[in-house]
Amino acid sequence: MSTAAVRTPTAGRRPRADLRRRALEHAPILGPAGALVLMFALFAILAPSSFVSSDNLFNLLAQMAVLAVLATGVTYVLLLGEIDLGFANIAILSGIAATLFFGGKDIDIPFVGQLYMGSGTGDQIVGIATVLVIAAALGWVSGALTAKLGVPSFVGSLGILLLAQGWAFYWSQGENQYTVPSLAKSIGSGYVGPVPRVAISAAVILLLAHLVLSRTRFGRYVYMTGANKDAAELSGIPTKRIVMMVFALAGLLAGIAGLMNIGRLGSAQPDAGTELLLPAIAAVVLGGTSLFGGRGGIGYTVIGLLLYGVIDNGLDQLDIDPYIKPFVRGLLFLTAIALNVLMLRIARRAQAQSLLERSAEPPDPTPAAPSAPAPSTDRQPSATR
Amino acid sequence: MSPATAPTPSGPATPAGAAAPPIVALRGIAKTYGAIRALRGVDLEIRRGEVHALLGENGAGKSTLVKCLAGAVIADEGEFLVDGEPVAIGGPTDALDVGVRVVYQELALFPTLSVAENVVGGELHGQRRVDWRRLRTAARAHLDMVELDVDVDTRIEQLSVGTQQMVEVARALGSGGRLIVLDEPTSALGQDEIAQLFRSIRRLADQGVSFLLVTHFLEDVIEHADRATIIRDGRRVATVDVADTTKDELVGHVVGDAGRALRAGLAGQELRLPPRPDGEVLVRAAGVRRPPSVHEMSFDVRAGEVVGIYGDLASGHAAFAEMLFGLGAPEEGELEVLGHAADGSGTRRARDRGIGFVPGDRRAALALEQPIFKNMTLATLQRRGPLLHEGGERTVAEGLIDRLRVANGTPELPAGALSGGNQQKVVLARWMIDPPRLMVLVEPTRGMDVGAKAEVVDIVRSLATDGRAAIVVSSEPEIVLDCATRVLVAKRGRIVAAFSDRTVTKDQLMREAF
């Protein structure tokens, strides 16, 4: 992750200790990575021919691609210590809106009138841009409710979920839409060699999101705001603006994911939001990004996505009662999370041990508890000696 | 005349009262935490129906003594006598059984529950069904004991802090309390509430309830206590009848000559403050008011000055400091900082105008799980372009770690792995990369040992060179005296004294502040 560079001056002085500490620092990734290996091995044994075929594995990537773009937005939001429930329905709305804009129909805007967008290439770019602006704006509203009004992000984004759901339902009149713009098809369907194009789109977005998070000031502000909002604020970081920007970014990513989704499926379905919402959050959480902010990243989310995809796809390859599959998926999900937590605990203990060995100093004498003032130890030694 | 019927407020305990065994007596209480001897044989006697004050500096051992009384801390040595009989205190329930109740500064009430539920809720234990009528009646009876006239259905959070305090006293009495320990009861109260609190205390004392008042407001002690015990460095210095003493005498006991001499190297027995420099005025405050804590503050700060503002937690100096850093605007009066009106327009603008800020609460200063270098560079990234250069950041952090002698520090280490004093150095380092024109520091040395304090003092002084200035806000007189070229004293939201171009002592500051 961001700390992977090796140019610190201490690296020269104590290379081994430094390496060891850095390994410990990234130990949390061992949880989801270990779970991924185990799950992969499980399905490779249970369904050797069907699961471990290149066709199936590329299919797995294609299945996960839309979720991956959504999970990217979720990762940013979780790093802030917030939660977003609106993104999946923003994606659905974006898909519906794109098909309608492209479909050459009049679109009813209540209280305003009719909107018509042409279907030429220039019109299509305008239409797609409008879709993405709407998506980002809806995300921004979630963020503004949280940052400006102090509404918990769970509640604010729930409102956006309902709004986007209703909006998509109204514009589509509840019908699937099939006029998929060619731009959406170009990022959502087809192959480059054996690789599904939608997976390439997702990979590009994941990479960009990773670079922004680890190499830019904005990314640092996201981590630091999530790690301690007060400390960031008191260092002059505009934390409210960061929150709004991140929610807007999550909205924008949801818009892109919506376009990829209709490109891949060849249609826009107004009621598919729930199929995207929880899986995207589940994948991020499986990867080990903390719900409390400041810890995690895109690398973790990639592992989480693969883990989720392996469980989901692997189950489809097994010859078991289809009605028990969702239950087994739940079991495997819980197993993976438990495995994560156990691995993390071991890593933390090793981390603490290593810090204890390094630190000759006694710990902070003032306890963290804000209750009754503890005996201040600072001045007594001067009187003792 | 027994103390139970003694009508004279603030009168000394009568001989008759002295003859009866004290309601609670501690003898030779000692407590050691690791290498720190918090208490070294303290005696404390509290008579029936008296208001007894416990005085001492921060770190003198007051809190530990109170915890021993409450059974929260078990003394290593010493006796605990109740009504003259030794009792074994092995935990909080033993202390409750003998009638000791402690009302801590951070009240232990349930803010979203009603007064009735808070006052008698503890008696519900073991009942299957809540008998609301009985609950209300019982609560009413408890509140009558303290003559508190509030609706028992009011939620606690709707009451003022002073009233909440009385609700806790009511609960303490209602559950059989005979000795009520009040920990800094007036620090968050306004003048009216303070008067009301002490009226209630006196009335209850006249009925035979004993009070131990842990405070550092000497005026409260002089006006409202019967006797006072002063402890210093874990020992009892004196127990005096308040009627026979003066504020100066109390200050003398609290500060102590020997202690002062020992600390002369750091605090100085008598400090000569320099005349004010002729530098540009960087801060101008005229009649600044921002309730609840800032009432009338007027002063200015010139380039080259380190202005120390000494006062306790309720003096409003910390709230004033926050206004300087863009957090909140004055309701009345004028506050100009580096040529701009302080308008509460946020910390980013304040920082970009050239102001730095170190908060008093270290938990609000550092992201403890994040590496030291990220904490150090946080305030200066904005000037370095949108892309990060982590190699450069690490080098900068490495330099600061060496310069400030951050023990065990490496750039990649999480800040939380450092001791408190070294964490504070990381916070200071954040502002040393591009030193701001005005540095505002709240309690910059809280929880630090003497050596680290001296280092912080050097850093603060270095921040006020080359046309810059610093403001140090603290409730520790030593740090103010050590850092400052000019000393102000804040008390209950007002600047009550200013010292420059003259000698000043810690006693003088404390006399002005309390």
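Conventions used here
- Residues numbered from 1 in each chain as written.
- Chains lettered and ligands numbered in written order.
- Predicted model: local features only at pLDDT ≥ 70, side-chain atom pairs only at ≥ 80, totals over all residues.
- Pairing = 2+ DSSP bridges.
- Helix = DSSP H or I, 4+ residues; strand = E, 2+ residues; numbered from the N terminus.
- Axes fitted to C-alpha atoms, helices over the stretch in contact; angles between N-to-C directions.
- Contact = placed C-beta atoms within 7 Å.
- Core = buried A, V, L, I, M, F, W, Y, C linked by C-beta atoms within 7 Å.
- Buried ≥ 20, exposed ≤ 12 C-beta atoms within 10 Å, placed from the backbone.
- Domains from an automatic or database assignment.
- Nonpolar A, V, L, I, M, F, W, Y, C, P; charged D, E, K, R; others polar.
- Parallel < 35°, antiparallel > 145°, perpendicular 65-115°, else oblique.
- Left-handed = near helix turned anticlockwise from the far one by under 90°.
- pLDDT = per-residue confidence, 0-100.
- Expected span 1.5 Å × (residues − 1).
- Arc of directions from axis to C-beta.

A.B. asks: What am I meant to see in the sheet that holds strand β6 (residues 100-103) of chain B here?
C.D. replies: Paired through backbone hydrogen bonds, the strands of a sheet run either parallel or antiparallel to each other. All names here are of chain B. Strand order in the open sheet formed by six strands is β6-β7-β8-β3-β9-β10, and the pairing between neighbours is mixed. Two strands close off the open sheet at either side, each with one partner strand: β6 and β10 (235-241). Going across the sheet, the axis of each strand differs from the next one's by a mean of 20°, ignoring polarity. Where strand β7 (residues 179-183) and strand β8 (residues 210-214) come together, five bridges link them in parallel fashion. Among the inter-strand pairings, Leu182 is bridged to a residue of β8, identified as Leu213. Of the strands in this sheet, β3 (51-55), β9 (227-232) and β10 are in contact with helix α9 (residues 247-255), which crosses β9 at around 30°.

A.B. asks: What am I meant to see in the pairing of strand β15 (residues 332-337) of chain B here?
C.D. replies: On a regular strand, one side chain projects to one face of the sheet and the next to the other, so that they alternate. Residue and element names in this part refer to chain B. Direction of pairing for strand β12 (residues 281-290) relative to β15: antiparallel, over a ladder of five bridges. Within the sheet, the bridge partner assigned to Ala286 lies in β15 and is Glu334. Relative to strand β16 (residues 340-341), β15 runs antiparallel, the two being bridged by two bridges. Within β16, the residue paired with Glu336 across the bridge is Ala341. Connecting β15 to the antiparallel partner β16 that follows it, the hairpin turn spans two residues, and Leu338 within it adopts a positive phi of roughly 50°.

A.B. asks: Can you walk me through the nonpolar core in this structure?
C.D. replies: Taken as a class, soluble globular proteins show a tendency for nonpolar side chains to be buried jointly. Among the nonpolar cores identified, the biggest contains 266 residues, and Leu70, Val246, Ala280 and Leu307 of chain A together with Val181 and Val472 of chain B are the most heavily contacted of them. Among all residues touching Val472 of chain B, those that are not within four sequence positions of it are Val306, Gly308, Leu441, Pro444, Val460, Ile479, Val480, Cys483 and Ala484 of chain B.

A.B. asks: Would you explain the environment of Ala164 of chain A in this entry?
C.D. replies: All names here are of chain A. Here Ala164 shows up in helix α8 (residues 153-172). Exposure remark for Ala164: the 27 C-beta atoms within 10 Å place this residue in the buried category. Considered as a pair, Ala164 and Ile242 are 78 residues apart in the sequence and their alpha carbons are 23 Å apart.

A.B. asks: Can you help me understand the domain arrangement of chain B in this one?
C.D. replies: The parts lose accessible area when they come together, and the size of an interface is often stated as this lost area. All names here are of chain B. Along its sequence, chain B is carved into domain 1 (15-262), domain 2 (264-354 + 438-514) and domain 3 (369-435). Taken over C-alpha atoms, the centre of domain 2 sits 25 Å from the centre of domain 3. Opposite the twelve residues of domain 2 that make contact, domain 3 presents nine residues. Split into classes, the residues belonging to the side of domain 2 that touches domain 3 amount to seven nonpolar, one polar and four charged.

A.B. asks: What should I look at first to understand the packing of helix α6 (residues 161-174) of chain B against helix α7 (residues 191-206) of chain B in this one?
C.D. replies: Relative orientation and spacing of two packed helices are given, respectively, by the angle between their axes and the distance between those axes. Residue and element names in this part refer to chain B. Following both chains from N to C, one finds α6 and α7 inclined at 15°, their axes separated by 9 Å at the closest point. Taken as axis vectors, α6 and α7 run roughly parallel relative to one another. Considering the relative orientation of α6 and α7, their crossing is right-handed. Contact residues: α6 offers Gly162, Gln165 and Met166, while α7 offers Glu193, Gln196, Leu197 and Ser200.

A.B. asks: Hey, could you run me through the confidence of the model for chain A in this one?
C.D. replies: The predicted structure's coordinates, where accompanied by low pLDDT, should not be read in detail. Residue and element names in this part refer to chain A. Per-residue pLDDT for chain A averages 84, and the proportion of residues at 70 or more is 83%. Confidence, read as mean pLDDT per element, is least for helix α17 (residues 380-384) in chain A (34) and greatest for helix α13 (residues 239-265) (97). In this model residues 1-13 is a low-confidence stretch, pLDDT under 50, and it forms 23 contacts with partners more than four residues away in sequence or in other chains. Here residues 359-385 is a poorly scored stretch, pLDDT under 50, and it has 54 contacts once near neighbours within four places are set aside; other chains count.

A.B. asks: What exactly am I supposed to notice about helix α3 (residues 30-46) of chain A here?
C.D. replies: Given 3.6 residues per helical turn, the α-helix brings residues three or four places apart onto the same face. Residue and element names in this part refer to chain A. Between its first and last C-alpha, α3 extends 24 Å over 17 residues, near the 24 Å set by a 1.5 Å rise per residue. Gly31, Pro32, Ala35, Leu36, Met39 and Phe43 are the residues of α3 that are buried. Along α3, the residues classed as buried sweep out an arc of 130° about the axis, all on the same side. Residues of α3 that are exposed and point over 90 degrees away from its buried face: Val37, Ala41 and Ile45.

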